[in-house]
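These are the residues of each chain, in order.
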Amino acid sequence: MLRSTRATYLVSAVLALGASALSACSDGTSPNQLVVGPTVSVGSGTARTYVESSAGGELREIGVVLSELAITGLPATGTVFLLPLPTAAVAAPYRHVTLNWNPGGHPPPGIFTVPHFDVHFYTVTEAERSTISSTDPQFGVKAAKTPSAEFIPAGYDRDPGAVPNMGTHWTDRSSPEFNGQPFTRTFIYGSWDGTFTFFEPMFTTAFFAGKPAVATVSLKLPSRYAQPGSYPTSYKVGFDASTKEYVIALTGLVPRQ
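Predicted model, so just to flag it, every value in this text is computed and none were measured. (Residues numbered from 1 in each chain as written. Predicted model: local features only at pLDDT ≥ 70, side-chain atom pairs only at ≥ 80, totals over all residues. Heavy atoms only, no water.)

Colleague: Outline the overall build of the chain, listing residues and values.
Modeller: Along its length, the chain carries three helices and 18 strands. Per-residue burial over the chain gives 49% buried out of 257 residues. Taking as baseline every contact in the chain between residues at least 6 positions apart, the subset at least 24 positions apart corresponds to 57%. If you sum the accessible surface of the chain, you get close to 11,400 Å²; carbon and sulfur atoms cover 55% of it. (Helix = DSSP H or I, 4+ residues; strand = E, 2+ residues; numbered from the N terminus. Buried < 20%, exposed > 50% of the residue type's maximum accessible area, 1.4 Å probe, protein only. Contact = heavy atoms within 4.5 Å. Areas by Shrake-Rupley, 256 points an atom, 1.4 Å probe, with all protein chains shown as cover.)

Colleague: Summarise the side chain of Thr204; cite the residues concerned and give the values.
Modeller: Summarising the element assignment, Thr204 is placed in strand β13 (residues 195-204). Contact partners of Thr204, with chain neighbours within four places excluded, come to Val114, Pro115, His116, Phe183 and Thr184.

Colleague: Requested: an account of the nonpolar core, with residues and values cited.
Modeller: Counting 44 residues, the largest nonpolar core has Ile62, Leu66, Tyr94, Phe121 and Phe208 as the members making the most contacts within it. Tallying contributions element by element places strand β6 (residues 59-67) first for this core, with four residues. Ignoring sequence-local partners within four residues, the contact set of Leu66 consists of Thr46, Ala47, Leu99, Phe208, Glu245, Tyr246 and Ile248. (Core = buried A, V, L, I, M, F, W, Y, C linked by side-chain atoms within 4.5 Å.)

Colleague: If you had to explain the environment of Val65 to someone new, which residues and values would you point to?
Modeller: As for its placement among the helices and strands, Val65 is situated in strand β6. Separated by 29 residues in sequence, Val65 and Val36 have C-alpha atoms that sit 9.6 Å apart. In this view, Val65 contacts Thr46, Ala47, Arg48, Tyr50, Glu245 and Tyr246; residues no more than four positions away in its chain are not counted.

Colleague: Hey, could you go over the packing of aromatic side chains for me, with residue numbers and the actual values?
Modeller: For the coordinates displayed, the defined rule picks out 19 aromatic pairs. Consider the rings of Phe112 and Phe178, whose centres lie 5.9 Å apart with planes at 90 degrees: the pair is edge-to-face. With a gap of 66 residues between them, Phe112 in the loop between β8 (96-102) and β9 (116-122) and Phe178 in the loop between β11 (168-172) and β12 (185-192) connect regions that are remote in the sequence. Using a relative accessible area of 0% as the deciding quantity, one classes Phe112 as buried. (Phe/Tyr/Trp six-rings, centres within 6.5 Å; stacked < 30°, edge-to-face > 60°.)

Colleague: Quick rundown of the side chain of Glu177? Include the residues and the values.
Modeller: The residue Glu177 is located in the loop between β11 and β12 in this model. No salt bridge is formed by the buried Glu177. Its closest oppositely charged neighbour is Arg185, at 7.9 Å. Of the polar contacts made by the side chain of Glu177, one reaches the side chain of Thr186; its length is 2.6 Å. Among residues more than four places away in sequence, those in contact with Glu177 are Ile111, Phe112, Phe183, Arg185 and Thr186. (Lys, Arg positive; Asp, Glu negative; His and termini not counted. Salt bridge = Lys/Arg side-chain N within 4 Å of Asp/Glu carboxyl O. Polar contact = N/O pair within 3.5 Å; in protein donor to acceptor, adjacent residues only side chain to side chain.)

Colleague: Account for unusual backbone geometry, with residues named and values stated.
Modeller: Residue Pro93 is bonded to the preceding Ala92 through a cis peptide linkage, with omega at 10 degrees. Inspection of the secondary structure assignment puts Pro93 in the loop between β7 (79-83) and β8. A cis amide bond links Pro107 to the next residue, Pro108, at an omega of 5 degrees. Summarising the element assignment, Pro108 is placed in the loop between β8 and β9. We note that Asp193 has phi near 55 degrees; this positive angle belongs to a residue other than glycine. On the basis of relative accessible area, Asp193 is assigned to the partly exposed category, the value being 32%.

Honestly, it's all geometry; don't read function into it.
Now the structure itself:
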């Protein structure tokens with residue numbers, strides 16, 4: 001979450017080399033199709049999105065890769081980097097992805113007020129997200145509108161208020177950072193006007209500076225989803241020593257109607 005009403009969107013026109021490639025399935029039995037998005041300059045390095053599907057076209061994973069130097073040389077002010085999805089990949093319900101750099105963190109104080117990144121996987125378009133504005137007379141009403149209980153992830157509570165250009169954030173108060181432990185990584189859901197609209201892994205630069213091995217974490221889930229698509233049952237985050245890249249991804253995707 002970038003707690004700012006103004007954000008700088010940085011978009012590179014440079015396309016990633018090798019727009020598609022084959023990678024082995026986790027069971028090593030059949031190939032997955034991996035398609036990558038355009039490369040975007042972030043800090044002293046780069047970032048890009050990727051979408052991984054089975055040979056039969058079933059969405060398996062959607063994520064972001066940061067080069068080793070991307071967590072250095074970052075702006076002194078909060079910045080939003082737009083990371084285009086691969087045009088060759090169908091990744092319903094995901095519409096666009098942003099990488100939010102928060103050099104001073106954001107509320108609540110003492111929890112998320114440390115330098116960190118957020119990755120937002122949005123299920124709405126950029127145009128739809130841009131209408132989330134504090135100048136909207138209905139801003140407060142839309143922010144307060146709660147999705148039906150079956151759409152709310154188990155154990156998650158709505159944070160007060162809303163953030164322009166994002167929406168209302170939902171946090172798991174049983175997470176370590178709310179229970180006396182330092183914030184390192186966590187997972188947030190987001191909604192707007194009564195509908196969940198984004199998935200948000202968060203992680204500190206200090207955590208990434210330690211180059212932790214990539215780890216997969218199970219998610220708390222809702223019982224239903226508002227629109228058809230493939231939804232995560234877990235997420236992964238960490239440093240891949242073999243490629244010297246940081247990986248942040250929604251994983252264990254399961255089709256929902």
